[in-house]
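Fold and geometry: a report
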Amino acid sequence: METVGTGADEKVGEDEIVGERRQLINVAYRLLGSVTEAEDAVQDAYARWYGLPRSRQEAILSPGAWLTTVTSRICLDLLGSARARRERYVGAWLPEPLPDRNEWDHAGGANPTGPADPADQIVLDESVAMAFLVVLESMTPAERVAFVLHEVFRYPFAEIADVLGRTPAACKQLASSARRRVGATRPPATATGQADVVRHVKEAWETKDITALVGLLNPAAVMTADGGGMVGTVLRPVEGGARIAQYMVAVADKAPGLELLERSVNGVPGLVAQRAGVVVTVASFDVSDGRVTRIWVVRNPEKLRPWAREG
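This section reports on the structure supplied with the text. Not measured: the values here are computed from a predicted model.

Points about the pattern of salt bridges
- Tallied over the entire structure, the rule returns 14 salt bridges.
- Its salt-bridge partner being arginine 30, residue aspartate 125 comes within 3.3 Å of it at the nearest N-O pair. Of the two residues, aspartate 125 is situated in the loop between α5 (63–87) and α6 (130–137) and arginine 30 in helix α2 (residues 21–32); the sequence distance between them amounts to 95 residues.
- The exposure class of aspartate 125 is partly exposed, given its relative accessible area of 28%.
- Since its relative accessible area comes to 2%, arginine 30 is described here as buried.
- Of the charged contacts in the structure, one is a salt bridge between arginine 73 and aspartate 162, with a shortest N-O distance of 3.1 Å. Of this pair, arginine 73 sits in helix α5 while aspartate 162 sits in helix α8 (residues 157–164), placing them 89 residues apart in sequence.
- Take arginine 73: its relative accessible area is 34%, and that puts it in the partly exposed class.
- Here the salt bridges do not stand alone but share partners, grouping Asp196, Arg199 and Glu262 into one network.

What to know about the packing of aromatic side chains
- In this structure the tally under the stated criterion is three aromatic pairs.
- Between tyrosine 46 and tyrosine 50 the ring centres are 6.3 Å apart and the planes differ by 20 degrees, which places this aromatic pair in the stacked class. Here tyrosine 50 and tyrosine 46 lie together in helix α3 (residues 35–50), a separation of four residues that amounts to about one turn.
- Classification of tyrosine 46 as buried rests on a relative accessible area of 8%.
- Relative to phenylalanine 147, the ring of phenylalanine 132 lies with its centre 6.0 Å away and its plane at 40 degrees, an arrangement referred to as tilted. Of this pair, phenylalanine 132 sits in helix α6 while phenylalanine 147 sits in helix α7 (residues 141–152), placing them 15 residues apart in sequence.

Here we look at the sheet that holds strand β5 (residues 278–288)
- Taken in spatial order, the six strands line up as β2-β1-β6-β5-β4-β3 in an open sheet, and their pairing is mixed. A single partner strand is all that each edge strand has here, and the edge strands are β2 (238–239) and β3 (259–265).
- Bridge count for β5 against strand β6 (residues 291–298) is seven bridges, and the pairing is antiparallel. Looking at β6, one finds that aspartate 286 is bridged to arginine 294.
- Of the strands in this sheet, β3, β4 (268–275), β5 and β6 touch helix α10 (residues 191–206), which is tilted by about 30 degrees from β4.

Conventions we followed
- Residues numbered from 1 in each chain as written.
- Predicted model: local features only at pLDDT ≥ 70, side-chain atom pairs only at ≥ 80, totals over all residues.
- Heavy atoms only, no water.
- Salt bridge = Lys/Arg side-chain N within 4 Å of Asp/Glu carboxyl O.
- Helix = DSSP H or I, 4+ residues; strand = E, 2+ residues; numbered from the N terminus.
- Buried < 20%, exposed > 50% of the residue type's maximum accessible area, 1.4 Å probe, protein only.
- Phe/Tyr/Trp six-rings, centres within 6.5 Å; stacked < 30°, edge-to-face > 60°.
- Pairing = 2+ DSSP bridges.
- Contact = heavy atoms within 4.5 Å.
- Axes fitted to C-alpha atoms, helices over the stretch in contact; angles between N-to-C directions.

Next comes the structure, spelled out in structure tokens:
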């Protein structure tokens, strides 16, 4: 006698599929550095799942693993084309910064009954810190996929091989090469130590104290800004603590009414600038030995959409 699935059984299966979305968004964001592209990749993966015949869906033992594999392959293709797109990008390209939803003003926060924002579903840990994402940008697409899937999400190389179309041994080599790139970077400052430095930077910027700013910046510090050609900003990195301090004070002179807020950026203490309640700039910092070594400034409004509810 043929067994027919009940509506309840189908509901459980559907819930399982939908429940994978948060994990897929987390994987895709770390692979792409873009909330928007991560959401598109996951939507594409779901479209492919729902496009399968029912018999094919039922033959897949782990729909979650299938979705992860398909999402990762989509991201791999996007990473391959991203380099060409970024060559046409105006100025420097930086990953999209993420807010901490726990810091949002509850009075103007998200509508709990509204559609879930993909940025809300990303777990903020060291693997999304701006410094880490910037290192990931230096990897080849295959290295990035192998490293993120294995080192961050603990996928076995046998499964990664299915994503990359290579042998497990080759995937292990890719992850090892990527690990060396990450290992060449310094460990980040503690959250408390970084928060103190960032607070002092904020105070010095607000008072236009260039001497204090120079003291807070490493002499070899580098500031990179991303305006995407949509808003004014420096197109090339500003190098040297003194030059960065001068630039920051010049911005303060030209930006009356700009309010600086201490906010978590990708899980790390940073600064957010807003005008008339609208976030216009998000700054991430890398701190070592009590001084700022790197500043990443995102001003491209398309990359600040997750911050629209900040206020």
